[in-house]
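Summary of structural features
Residue strings, one per chain:
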Amino acid sequence: MKPSIVVYRDVPDDLLARLSAECDVHRVREIDPDIDPSVKPLLAQADAILGSGGNIDARFLAMAPKLRVASTITVGYDNFDVTALSEHNVVLMHTPDVLTETVADATMALVLATARRMIISSERVKRGEWTQSITPDWYGCDVHHKTMGIVGMGRIGDALARRAHCGFGMNILYHARSRHEKTENAYQAQYRSLDALLSESDFVCITLPLTKETHHLFSREQFEKMKRSAILVNIGRGAVIDETALAQALADNTILAAGLDVFEQEPLSPDSPLLSLPNVVLMPHIGSATHETRYAMAACAVDNVIRALNRDVSQNCVNPQALQH
Ligand code: 8YV
């Protein structure tokens with residue numbers, strides 16, 4: 001008998017066909033039975049789940065007693081309780097590497113769009129405000145040869161450092177849990193304490209995952225340590241920033257501007273104070289959202305689940321120790 005898998009995100013047809021050759025595939029829109037109760041009987045029988053989002057915790061796992069593999073079509077896995085998964089002998093597979101370059105492109109795009117005020121300029125042109133030569137109120141600030149401080153130095157941080165240093169001649173500072181000699185040597189990146197990075201950087205780019213340690217790492221105190229001319233970019237996870245404190249810091253010009261791809265609540269609440277600020281560029285979590293990369297992520301997640309169901313957790317597994325012997 002084929003293993004049963006619940007798929008809770010769009011997956012291209014050819015990849016679904018690959019999955020169907022190995023598994024009984026059940027497609028649903030939502031994985032949370034509180035939102036869609038019809039998922040409950042499917043979870044009761046499921047050997048695997050594949051999708052993105054959802055809150056996969058002990059309560060969820062109690063509804064999926066046969067589950068052996070959870071395959072997320074993301075690199076970040078803060079919505080999974082990894083300890084609970086391991087206790088239930090469920091292996092968690094994710095999709096690192098395939099999105100690194102695309103997310104680094106998006107980070108650089110946010111740096112440029114924010115510094116050069118591209119979105120606001122475009123809106124002004126569309127409103128018919130470009131009626132004569134532009135005046136200094138249209139000006140942005142330079143990016144090239146400025147100092148970029150990267151907080152979190154994983155794969156995406158390294159790919160961003162490459163773009164910023166090799167492409168834009170930027171001086172790279174970074175803060176991370178450990179030193180990254182390869183990045184230091186390749187891009188003359190210099191390690192700094194978080195406080196030193198904040199005070200020296202023109203652009204502070206957050207590429208951190210969300211963990212207990214990084215939750216609200218950025219709040220009023222950190223914004224006050226930044227230059228008043230500094231721009232903050234977040235491509236990691238929204239809750240690394242205390243968003244209320246950020247909106248305040250942008251409103252009272254404690255920092256110059258921000259470019260955000262991720263938010264504490266997604267989709268962004270219509271009540272968010274960020275929505276009315278002129279000095280913030282808001283993107284709907286599109287860091288990895290290109291046709292090519294989303295396909296590669298889905299393909300990686302499909303391969304991951306097939307391998308893991310065949311007890312191969314040698315690649316892309318967050319908790320290989322959970323494989324039951
Ligand atoms: C995901 C992401 O594609 O992979 C991650 O961790 O943040 C994004 O690239 C997105 O969360 C999918 O919903």
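These numbers come from a predicted model, not from an experiment. (Residues numbered from 1 in each chain as written. Predicted model: local features only at pLDDT ≥ 70, side-chain atom pairs only at ≥ 80, totals over all residues. Heavy atoms only, no water.)

Here the focus is unusual backbone geometry. In terms of backbone geometry, most residues other than glycine have negative phi values and most peptide bonds are trans. Residues Glu-266 and Pro-267 are joined by a peptide bond in cis, for which omega reads -5°. By the element assignment, Pro-267 lies in the loop between strand E11 (257–260) and strand E12 (280–282). Here the phi dihedral of Arg-117 falls at roughly 55°; this positive angle occurs in a residue that is not glycine. By the element assignment, Arg-117 lies in the loop between helix H5 (100–115) and helix H6 (118–126). (Helix = DSSP H or I, 4+ residues; strand = E, 2+ residues; numbered from the N terminus.)

According to the stated counting rule, one finds one aromatic pair in the structure shown. With a centroid separation of 5.4 Å and an interplanar angle of 80°, the aromatic rings of Tyr-174 and Tyr-191 are classed as edge-to-face. Pair noted here: Tyr-174 is in strand E7 (residues 171–175) and Tyr-191 is in strand E8 (residues 190–191), with a separation of 17 residues, a long-range link. Judged by its relative accessible area of 27%, Tyr-191 falls in the partly exposed class. A cation over a ring is seen here: Arg-124 above Trp-138, with NZ or CZ 4.0 Å from the ring centre. (Phe/Tyr/Trp six-rings, centres within 6.5 Å; stacked < 30°, edge-to-face > 60°. Buried < 20%, exposed > 50% of the residue type's maximum accessible area, 1.4 Å probe, protein only. Lys NZ or Arg CZ within 6 Å of the ring centre and 35° of its normal.)

Pairing is parallel in the open sheet, where seven strands are placed in the order E8-E7-E6-E9-E10-E11-E12. Across the chains shown, the open sheet's two edge strands, defined by having one partner strand only, are E8 and E12. Sheet analysis places strand E10 (residues 231–234) next to E11, joined by four bridges and oriented parallel. The residue of E11 that forms the bridge with Asn-234 is Leu-260. On top of the sheet, helix H7 (residues 155–168) reaches strand E6 (147–151), E7 and strand E9 (203–206); it is set at about 175° to E6, its chief contact. Contacting E10, E11 and E12, helix H11 (residues 243–251) crosses the sheet at an angle of about 140° to E11. (Pairing = 2+ DSSP bridges. Contact = heavy atoms within 4.5 Å. Axes fitted to C-alpha atoms, helices over the stretch in contact; angles between N-to-C directions.)

Annotation from UniProt places "domain: D-isomer specific 2-hydroxyacid dehydrogenase catalytic" (unreviewed entry) at residues 5–319. End C-alpha atoms of residues 5–319 are separated by 20 Å, and the span's content is 37% helix alongside 14% strand. (UniProt positions renumbered as here; feature names shortened; annotations may be inferred.)

This part takes up the pattern of salt bridges. The final tally for this structure, using the stated rule, is 17 salt bridges. Between Arg-18 and Asp-303 there is a salt bridge, with its nearest N and O atoms 2.4 Å apart. In this pair, Arg-18 sits in helix H1 (residues 13–22) while Asp-303 sits in helix H12 (residues 291–309), placing the two residues 285 residues apart along the sequence. Accessibility expressed as a relative area gives 35% for Arg-18, which makes it partly exposed. Across the pair Asp-78 and Arg-237 runs a salt bridge, and its minimum N-O distance is 2.8 Å. Of this pair, Asp-78 sits in the loop between strand E4 (69–72) and helix H4 (82–87) while Arg-237 sits in the loop between E10 and H11, placing them 159 residues apart in sequence. (Salt bridge = Lys/Arg side-chain N within 4 Å of Asp/Glu carboxyl O.)

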